[in-house]
Amino acid sequence: MFFSFYTQNSTPFSLFSLWIITLEYLITFSLFTRLHFSLPSHPTSCCSAAELMSVLFFHTMRYKADDPRNQCNDRFVLSKGHAAPILYAVWAEAGFLKESELLNLRKVDCDLEGHPTPKLAFVDVATGSLGQGLGASCGMAYTGKHFDKSGYRVYCMLGDGESSEGSVWEAMAFASYYDLDNLVAIIDVNRLAQSEAAPLKHDVETHRKRCEAFGWNTYVVDGHDVEELCKALWQAQQVKGKPTCIVAKTFKGKGLKNIEDLDNWHGKPIPKDRVDAILKDLQALIQVPNKTLCPELPKDDTAPADLSTISLPSPPAYKKGDKMATRRAYGVALARLGQASERVVALDGDTKNSTFSETFKKAFPDRYIECFIAEQNMVSVAIGCAARDRTVAFASTFAAFFARAYDQIRMGAISQSNINLVGSHCGVSIGEDGPSQMALEDLAMFRAIPTCTVFYPSDAVSTERAVELSANTKGICFIRTSRPETAVLYSPDEKFQVGIAKVVRESDSDCVTVIGAGITLHEALAAADMLAKEGKNIRVIDPFTIKPLDASTILASAKATKGQIITVEDHYKEGGLGEAVLSAVGQEPGIVVTRLAVTGIPRSGKPQEMLDIFGISAKHIANAVRQTFAN
């Protein structure tokens, strides 16, 4: 089983000892977990990948072991995140982690969690929700090849079970379409999934045919044969114009006597009474003394990330009263931001002529990525593009279609990713296209994401400022844009801040505070005009950001208007603007919030008809105000 491989400079080294070391680490993890936490680790899932990880990290990959996030390093994504201990083991062998720290696996005060997260310097994206690592790897590889134009390569290890996820094949299609020859996927075909065998079991030929059908250069190897792995990974580096997939036949629990390739061992620690015997068997296999293994250093061909603030080159070029849909203003703003910084890149899911990201594409075609109708992969690619702060990524589609990618968005938050998602065609105001195209849940979705800032601009000027602010805001940003043309409300020099609302209509005699956003802000202003003719004055607030919400401005206005608030939103009641306002004022006595929102499943119709039918038009706002006066 021992193999000495000669690199191009004829320097020999042994990999077998690392395999033994990693297995010993895994058994120690398993025992420690059993004794102290009664929680499972995944030793068998790690054992199948031991040689794969050894060859990758100590023969193939180029990186600085003392600087895992160096911009020149090769990237590695462990898509099968449950095998995290094997990743921790190789970084201990590389010298970045102390071996003693490995025994703190899964402890609350240790960053060696059950699945990898970017709390660790050697982790770019969080994994564990399966099927997402390859999409993020695509984003990293695309960035390396087309934006950084650098020599670093990207390696992604997947489990055979997760290849049932459709998002894996979205990523496969993307990588081959864009000829990502700097990307290598390794499928650890260990046959066994969590509860039973994976669909293809050890049918590696079908895996190969599927990958080749998606346009990948593909090798089938014995995943426990170090020489085969070295050869396949070397060959992958020679291939031009195609990504490479290595289909590795392995055995779950490899090397663990009476456990290897057996059912019902997924996520289970080694029983305490079997550890000593297993360790003795493994130690008997060691044929050479341990020696320090040092990875090859990367080429110094990638500039450090530019973290400077990105600003619009000039104020927005709109005048009050101009008509412009905020979705169109987004495209203009993004192109203008692209003038200010080459770090700005755009992605879209074949909706660029509706979201108006095509404006950016026309200006900067080399910084635009067409992701086609694959929203899950688009979000993952954006996360990969933004990793290590290499780009400031904006990804757009109809807001409703981000629902399909919600798990990717959730994992983006766990990844501490800084990406900007822009959803157009929100609410019933899109009109005739009907309910399948109407985003009515998106505010609730994004408000629930812990790192997310939610922008809801109401005119072209505030849209430009939302784009500028999101480019400089950490975490995930969501910008909600609308289809109808609406009047410009703000002057070009108006200042906007995250979490600061605008009071757009007020007087000393206001009796009700009305809060609207997007199309409903304009309906609220129309209602204010109607009511003014009746001698009734209302205060109108544009929140600008739904999260964080400007609670102080809302509370001050509510107190100035006898505690009466009306929220009106082109969204379902659940989780939207109204509930955000209720959360902000819930502790204050004497404040009443009336919520106008979409109820029931909408239908096709003209935009104004839809606003009327669902009770969020100016006349319904005016009626709600009159009712508060009557009360």
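Residues numbered from 1 in each chain as written. Predicted model: local features only at pLDDT ≥ 70, side-chain atom pairs only at ≥ 80, totals over all residues. Heavy atoms only, no water.

An unreviewed UniProt entry annotates the chain as transketolase originating from Cyclopterus lumpus. Listed under Sequence similarities (unreviewed entry) in UniProt, the entry text for the chain is "Belongs to the transketolase family." Its UniProt record gives the chain the following Subunit (unreviewed entry) comment, quoted word for word: "Homodimer." (UniProt positions renumbered as here; feature names shortened; annotations may be inferred.)

Student: Let's hear about the nonpolar core: which residues, and what values?
Tutor: Leu 134, Leu 347 and Leu 421 are the most contacted members of the largest nonpolar core, which has 78 residues in total. Beyond its immediate sequence surroundings of up to four residues, Leu 347 is in contact with Ile 369, Cys 371, Met 378, Val 381, Ala 382, Ala 393, Phe 394, Ala 395 and Ser 396. Phe 58, Trp 91, Tyr 155 and Cys 230 belong to the second-largest nonpolar core, a separate cluster that totals 47 residues. (Core = buried A, V, L, I, M, F, W, Y, C linked by side-chain atoms within 4.5 Å. Buried < 20%, exposed > 50% of the residue type's maximum accessible area, 1.4 Å probe, protein only. Contact = heavy atoms within 4.5 Å.)

Student: How would you explain helix α21 (residues 618–630) if you had to name every residue and give the values?
Tutor: For α21, which comprises 13 residues, the first-to-last C-alpha distance of 18 Å matches the rise-based estimate of 18 Å (1.5 Å per residue) to within 8%. Residues of α21 that are buried include every one of Ala 618, Ile 621, Ala 622, Ala 624, Val 625 and Thr 628, and no others. For α21, the arc enclosing every buried residue in end-on projection is 160°, short of the 170-degree limit, so these residues lie on one face. Where α21 is buried, its residues contact β17 (512–516), α17 (519–532), β18 (538–542), β20 (564–572) and β21 (592–598). (Helix = DSSP H or I, 4+ residues; strand = E, 2+ residues; numbered from the N terminus. Expected span 1.5 Å × (residues − 1). Arc of directions from axis to C-beta.)

Student: An account of the sheet that holds strand β12 (residues 419–424) is requested, with residue identities and associated values reported.
Tutor: The strand order β10-β9-β11-β12-β14-β13-β19 describes an open sheet built from seven strands, whose pairing is mixed. The two strands at the open ends of the sheet, each matched to only one other strand, are β10 (368–370) and β19 (545–547). Direction aside, the axes of adjacent strands within the sheet are offset by 20° on average. Where β12 and strand β14 (residues 477–480) come together, four bridges link them in parallel fashion. (Pairing = 2+ DSSP bridges. Axes fitted to C-alpha atoms, helices over the stretch in contact; angles between N-to-C directions.)

Student: Tell me what's going on with the pattern of salt bridges, and back it up with residues and numbers.
Tutor: For side chains of opposite charge, pairing can occur when their charged atoms come near one another. Within the structure shown, the criterion is met by 23 salt bridges. Here Asp 433 makes a salt bridge to Arg 483, at a shortest N to O gap of 3.0 Å. Residue Asp 433 is found in the loop between β12 and α15 (442–447), and its partner Arg 483 is found in the loop between β14 and β15 (485–487); the two are separated by 50 residues along the sequence. For Arg 465, the salt bridge is made with Glu 468, and the minimal N-O distance between the two is 2.9 Å. Of this pair, Arg 465 and Glu 468 both sit in helix α16 (residues 460–471), three residues apart, roughly one helical turn. Counted as one network, the salt bridges with shared partners bring together Glu 205, Arg 208 and Glu 212. (Salt bridge = Lys/Arg side-chain N within 4 Å of Asp/Glu carboxyl O.)

Student: I'd like a rundown of the sheet that holds β21, residues and numbers included.
Tutor: Strand order in the open sheet made by the five strands is β16-β18-β17-β20-β21, with mixed pairing throughout. Edge strands, defined here as strands with exactly one partner in the open sheet, are β16 (502–505) and β21. Sheet twist, expressed as the mean angle between neighbouring strand axes with direction ignored, is 25°. The pairing of β20 with β21 spans six bridges and is parallel. By the bridge assignment, Ile 566 is partnered in β21 with Thr 594. Each of β16, β17, β18 and β20 is contacted by α17, which is oriented at about 165° to β18, the strand it contacts most.

Student: A description of the UniProt feature "domain: Transketolase-like pyrimidine-binding" (unreviewed entry) in the chain should follow, citing residues and the corresponding values.
Tutor: The sites that UniProt annotates as "domain: Transketolase-like pyrimidine-binding" (unreviewed entry) are residues 324–488. Split by type, residues 324–488 is 39% helix and 20% strand. Its first and last C-alpha atoms lie 7 Å apart.

Student: Kindly report on the side chain of Thr 326, identifying the contributing residues and their values.
Tutor: Among the secondary structure elements, Thr 326 is positioned in helix α10 (residues 326–340). Those residues in contact with Thr 326, other than ones at most four positions away along the chain, are Pro 457, Ser 458, Asp 459, Thr 463, Thr 481 and Ser 482.

Student: Tell me about the packing of helix α5 (residues 133–147) against helix α13 (residues 375–386), and name the residues and values.
Tutor: Each pair of packed helices can be described by the angle between their axes along with the distance between the axes. Running from N to C, α5 and α13 cross one another at 55°; their axes reach a closest spacing of 6 Å. It follows that α5 is oblique to α13 by the angle criterion. As for how α5 packs across α13, the hand of that crossing is right-handed. Judged by residue contacts, Gly 135, Ala 136, Cys 138, Gly 139, Met 140, Thr 143 and Phe 147 of α5 engage Asn 377, Ser 380, Val 381, Gly 384 and Cys 385 from α13. Tallied by class, the residues present in the contact of α5 with α13 amount to six nonpolar, six polar and no charged. (Parallel < 35°, antiparallel > 145°, perpendicular 65-115°, else oblique. Left-handed = near helix turned anticlockwise from the far one by under 90°. Nonpolar A, V, L, I, M, F, W, Y, C, P; charged D, E, K, R; others polar.)

Student: I'd like a rundown of the pairing of strand β9 (residues 344–348), residues and numbers included.
Tutor: With five of five residues buried, β9 is to be regarded as a mostly interior element. Of the two faces of β9, the one carrying Val 344, Ala 346 and Asp 348 and the one carrying Val 345 and Leu 347 are both buried. In terms of strand pairing, β9 meets strand β11 (residues 392–398) through five bridges, oriented parallel. In the strand pairing of β11, Ala 346 is matched with Phe 394.

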